[in-house]
Amino acid sequence: MSLNLRAAGGLLTLMFPKFLILLVTIACASAADPVVHPAFSPEQVTFYEKNVQPILVENCYKCHGGGEPNAEGHVKVKSGLQIISRLGLVRGGEHGAAFNSAKPLESLLLKVVSYDDDHLKMPPSGKLSEKDRKVLQEWVEMGLPWTVAEQDRLVDAAEDLGKRKEGPDNTWTYEPLREITPPKVAGATNPIDAFLLSKLQEKKLGFAPPAPKAALARRAFYDLTGLPPSPESVAAFVKDDDPQAYAKLLQQLLASKHYGEKYARYWLDLVRYSETNGFERDAFKSEIWRYRQWVIDSLNADKPYDEFVREQIAGDEMANASPDTLLGTGYWNLMQWDDEPADRLQHSYDVMDDNLRVTSEAFLGISLGCARCHNHKVDPLSQKDYYSFMAFMHGLTPYSADARLRDLSQPDQRLTKQAKQKPQLPNPNERTYDQLVTAQMVKFQKEVRKRFGEKKQVPAPADLGKVLLSDSREKATNWHYTTTAPAEHWPTPGYNPDENGWKMGEGGFGIKGVPASQVRTIWNTREIWLRGYFQLTSIPRALNLTIHHDEDAEIYLNGRMVKQLRGFLRDYITIPLDADAIASLQTGKNVLAIHVLHTGGGQYIDAGLEVGDPDIAKLLEERGSEVCQPQELADYQALVKRTPKLATPAAEAPSGIKAQIAVEPGPKPPDLSVHVRGNAHVLGDKVEPAFPVVFKGPAPDIQPSERSSGRRKALADWLTNARNPRTARVIVNRVWQWHFGRGLNASSSDWGKLGSGVTHPELIDWLASDFIAHDWSLKYLHSLIMSSQAYQQSALYHQKQSAGHEADPANTLWWRFDMRRLASEEIRDSVLAVSGNLNLAYGGESFFAELPEEVIATASHGAGAWGKSPPEQQTRRSIYMKSKRSLSHPLMTDFDQADTDNPCPVRFATTVPTQALNFLNSKFLDDQSKVLAQRLSKEHPNDLPAQITRGLTLVTQRGSTPSEISELAKLHETFRTQHGMAPEKALERVCLVLLNLNEFLYLD
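Residues numbered from 1 in each chain as written. Predicted model: local features only at pLDDT ≥ 70, side-chain atom pairs only at ≥ 80, totals over all residues. Heavy atoms only, no water.

Across its full length, the protein chain holds 36 helices and 20 strands. Within the protein chain, the fraction of its 1004 residues that count as buried is 54%. As displayed, the protein chain has an accessible area near 44,800 Å², and 53% of this comes from carbon and sulfur atoms. (Helix = DSSP H or I, 4+ residues; strand = E, 2+ residues; numbered from the N terminus. Buried < 20%, exposed > 50% of the residue type's maximum accessible area, 1.4 Å probe, protein only. Areas by Shrake-Rupley, 256 points an atom, 1.4 Å probe, with all protein chains shown as cover.)

This is how it looks when you write it as structure tokens:
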């Protein structure tokens, strides 16, 4: 019956809905209800015993319930079918009931022994003789007579899981992380190098020579920001002889807002992010872009990875739920969704299956989706594991265009009372609450230091309170400023603002009317960039930032971002800066740089720096009672405890913001049962939420609330538990892959027997343990990997390394660095960057890229399927480009952009003719070649050699040779003399050639 249902699919639903219900009822009854056996005559039972049972014993018992039990006392039962009793045949297995009482000759048992079905032939060892098949047919026509004593016998079945011998031994990956000590290898200062070199030396191999500094700088910029460095940045790094120059470069790049834009792309590939539903209409998902922005912001803030996971899985069920954690649950709304399915029930489980596959693959590296219709054929994952895991998400409200679109500012059921209640402070500002708490702490600390000074009990540090850069309340500071987006390295000490048209003005900057502001220089544009300077003869142990801002501000010290502030203030506050900020200081000249983004209302920015008090917290803890009342100390400790628990200002959502989030209607989800052969209409045993048995984890601790089942929180707790054997292993392998192009396990989303296996198991476990020990910090992990000798190797062929080519041609041991082509987004962004046309505006809604009419015409609804954004929006970074499942940008598609229908753990890197055709003939490249030519003409008017030199330097970020300049000049002359082009047009063609250089499209 289940086979007929599955074959009919949705057609029966549309044509005969009542008939379908009847069939489902019969199928469900046969699968789960008690079976009443008919009475058989003694002659019929004797026929079974003498003629049928020997056939079954010889050909069927071994695999279907009659074999020897294993060490655990279980017996093998293939496909869930037990042929040791009448009950077993009537109930059937994964393929449905083996006996059809209404039409015996159509029974599945007779079909499989007939060998008429190419997919179901039993027994597999060979077709039964015609005599035996006639015996079975006669027996089935009798109604399946059986001995009364044996007709209900069933065995405790052994799961036929993971028995395949081929493939890597991955059993250790289901076990807890091991304590690994890095091997001792001469010359290895980074543990990563010690692990790699120990294996290389077994093959009598070593690392390749270090990459040239210019190549290393370009590699680091692209790896951490996805953007090309300016030639000036590369030149400055090459000239910098400081042993810490590379470490400083990494910290600068990790602090860049472009880091989050780069690494969000990897994550969005993994969770198959798109902004539309797919299927025929492929309608846009309203406000889904906010999930993308949440990912970018979370990565830039270096949100611990365990929190990053928890907020996506169950941000609405967390005790400290906030608008920020709710945005993370947009994760559950990224799937394809059909607004007019033929079978709505089946499609609802198809959607859940999609989410289950992404969750199990992205976080655990298991192909649990393969167990939807039957036990996994290779890995130790059962069909029950699949549906027990699905039960965690079974309580989600079925998706529709509006069902999960919610206003985050409203007192909604998604926010718990605990999350909405905040301790009362004098005049608290909702969007800058944590800043106000910090300001109160600093104010109290200063008062305490003053009291100790008055009693002359504890001398203050010599430079305490020394003003390094004054804000406008006391003495106006002169700042360099610009309202035009500057070059990438604008906050660094080496940048010269005078050469780039910056102005000078006294702080603060803004317009009149902002509370407590001291406006000395009028600023009324959307953005402003500031640079202030101060000298140091020694590095202070503590540093305070004084600031008054309206609205969002990014603070840099010597090129390193040290603070991101959101919202607005009504007065100046003091914020202690952390150790990373102090580490960026240097003796001599220092630069405090500020970028402010303003969207509406009043606007103002002013800031200063002063030497802080490094010992005051400890002094308060040890001797505070000498100068403070008990209640003062209690209030201060309350502030200290609140500070780390507060959401960042960026997490606070202003009124009216809507987003796609996870929604549950109540504490009790509907029951879930195993679906026989994956068919939602044919139900097997009921399941409860549980983790895959192979992980040997505890039962989930589920705490429902009035408005939520609490199941996803239990799942999130398990995923992010440090004892979970897979989560940390999987993510450190992904980060390794993102840097090296291939993971220590190349099949990064499949750690099973069908995967590639792990080349360095000890290194994986050491990295995972170290990652957890450093608070799941992704930025720490990036820095650790990129600081290794392995990462800094050259990608060029060296004669000394010929042994490596012979012994390990695939470079599985990492004896050199692999060259890579830029990803599609990096290519488009780089074209815009070198032309000078890239709009680096951060965040916000997606833009519609310009597409050829012929491409748009291929989409459902034709021209109505795509919009049009202003020209300045169309030059933004590719991460902000509208993503439509049925309509792709030709440039992005040609260069292997990820398919958004399925999770993409690793992108292909193809080399096909359409790539060259696109780069030589597309309107986008033609337009940007013109913009680049205009840039060169403006920078070096009437000087062709200088224009060519500058163009080549912009594209390759290196110096040019006389022969290269000469060759390109000859090409320019050819365009003019042989093709009749004007000098300007010829320069555009030369620029097109520059953008087609392999050196532009490839790293190293």
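Still more to cover.
The next subject is the packing of aromatic side chains. Tallied over the full model, the rule gives 40 aromatic pairs. Ring plane angle 45 degrees and centroid distance 5.8 Å describe the contact between Trp267 and Phe363, whose orientation is recorded as tilted. Remark: Phe363 occurs in helix H16 (residues 344-364) and Trp267 occurs in helix H12 (residues 257-270); sequence separation between them is 96 residues. Trp267 sits in the buried class, given a relative accessible area of 2%. Seen in terms of ring centroids, Phe740 and Phe817 are 5.7 Å apart; in terms of plane orientation they differ by 45 degrees. Their pairing is tilted. On the criterion of sequence distance, the pair formed by Phe740 in helix H24 (residues 727-740) and Phe817 in the loop between helix H27 (802-807) and strand E19 (820-821) is long-range, its members being 77 residues apart. Here Phe740 falls in the buried class, since its relative accessible area comes to 5%. Ring pairs connect the aromatic residues Trp267, Tyr291, Trp294, Tyr305, Phe308, Tyr331, Trp332, Phe363, Phe771 and Trp776, which therefore count as one cluster. Lying over the aromatic face of Tyr572, Arg473 brings its terminal NZ or CZ to 4.1 Å of the ring centre. One Lys or Arg, Lys882, reaches over the ring of Phe284 and ends 4.9 Å from the middle of that ring. (Phe/Tyr/Trp six-rings, centres within 6.5 Å; stacked < 30°, edge-to-face > 60°. Lys NZ or Arg CZ within 6 Å of the ring centre and 35° of its normal.)

A general trend in soluble globular proteins is that nonpolar side chains are found buried together. Grouped together as the largest cluster of nonpolar side chains are 124 residues, with contacts concentrated most on Tyr291, Tyr305, Ile313, Trp736 and Leu767. The residues touching Trp736, leaving out its near neighbours within four places in the chain, are Ile192, Leu196, Gly741, Arg742, Gly743, Leu744, Leu763, Leu767, Ile785 and Trp814. Val990, Leu992, Leu994 and Phe1000 belong to the second largest nonpolar core, which has 33 residues in total. (Core = buried A, V, L, I, M, F, W, Y, C linked by side-chain atoms within 4.5 Å. Contact = heavy atoms within 4.5 Å.)

Glancing now at the state of the cysteines. Cysteine pairs can be linked by a disulfide, which is a covalent bond between their two sulfur atoms. For the structure on display, the rule yields zero disulfides. Cys60 takes part in no disulfide bond, and the closest cysteine sulfur, belonging to Cys63, lies 9.0 Å away. Classification of Cys60 by relative accessible area gives buried; the value is 16%. (Disulfide = S-S within 2.5 Å.)

Should the pLDDT be low somewhere, the predicted coordinates at that spot are not to be read in detail. Confidence in the prediction for the protein chain averages 86 pLDDT; 89% of positions are at 70 or higher. Looking at the elements of the protein chain, mean pLDDT is at its lowest for helix H18 (residues 417-420), recorded as 31, and at its highest for H24, recorded as 98. For residues 1-32, every residue scores under 50 in pLDDT, and the model assigns this stretch 36 contacts once sequence neighbours within four places are set aside. Residue range residues 411-433 is modelled with pLDDT below 50. Its contacts to residues more than four positions away, or to other chains, number 56 contacts. (pLDDT = per-residue confidence, 0-100.)

We now examine the packing of helix H11 (residues 245-255) against helix H26 (residues 778-786). At a minimum axis separation of 11 Å, H11 and H26 run at an interaxial angle of 150 degrees. By the angle between their axes, H11 is roughly antiparallel relative to H26. The chirality of how H11 crosses H26 is right-handed. Counting all contacts with H11, which are made through Tyr246, Leu250, Gln251, Leu254 and Ala255, the residues of H26 involved are Lys779, His782, Ser783 and Met786. Residues belonging to the contact of H11 with H26 are distributed by class as follows: five nonpolar, three polar and one charged. (Axes fitted to C-alpha atoms, helices over the stretch in contact; angles between N-to-C directions. Parallel < 35°, antiparallel > 145°, perpendicular 65-115°, else oblique. Left-handed = near helix turned anticlockwise from the far one by under 90°. Nonpolar A, V, L, I, M, F, W, Y, C, P; charged D, E, K, R; others polar.)

In this section: the side chain of Arg86. With respect to the element layout, Arg86 can be found in helix H5 (residues 86-91). In this structure Arg86 is buried but unpaired, with Asp152 as the nearest side chain of opposite charge at 7.7 Å. Within the local environment of Arg86, its side chain forms a polar contact with the backbone oxygen of Leu144, the two atoms lying 3.0 Å apart. Leave out the neighbours within four places in its chain, and Arg86 touches Val35, His37, Pro38, Phe40, Phe99, Gly143, Leu144, Trp146 and Gln151. (Lys, Arg positive; Asp, Glu negative; His and termini not counted. Salt bridge = Lys/Arg side-chain N within 4 Å of Asp/Glu carboxyl O. Polar contact = N/O pair within 3.5 Å; in protein donor to acceptor, adjacent residues only side chain to side chain.)

This part covers unusual backbone geometry. With an omega of -5 degrees, the peptide bond between Met122 and Pro123 qualifies as cis. Looking at where Pro123 falls in the secondary structure, it is placed in the loop between helix H6 (108-114) and helix H7 (130-142). That bond from Gly507 to Gly508 is cis: its omega, 0 degrees, falls within 30 degrees of zero. With a phi close to 50 degrees, Asp282 is a non-glycine residue in the positive phi region. Position of Asp282 relative to the elements: it lies in the loop between H12 and helix H13 (289-300). Given a relative accessible area of 1%, Asp282 falls into the buried group. Positioned with a positive phi, Asn811 is a non-glycine residue whose angle comes to about 60 degrees.

The next point concerns the pairing of strand E12 (residues 560-565). One ladder, built from five bridges, connects strand E11 (residues 552-557) with E12; its direction is antiparallel. Directly across from Leu557, in E12, lies its bridge partner Arg560. (Pairing = 2+ DSSP bridges.)

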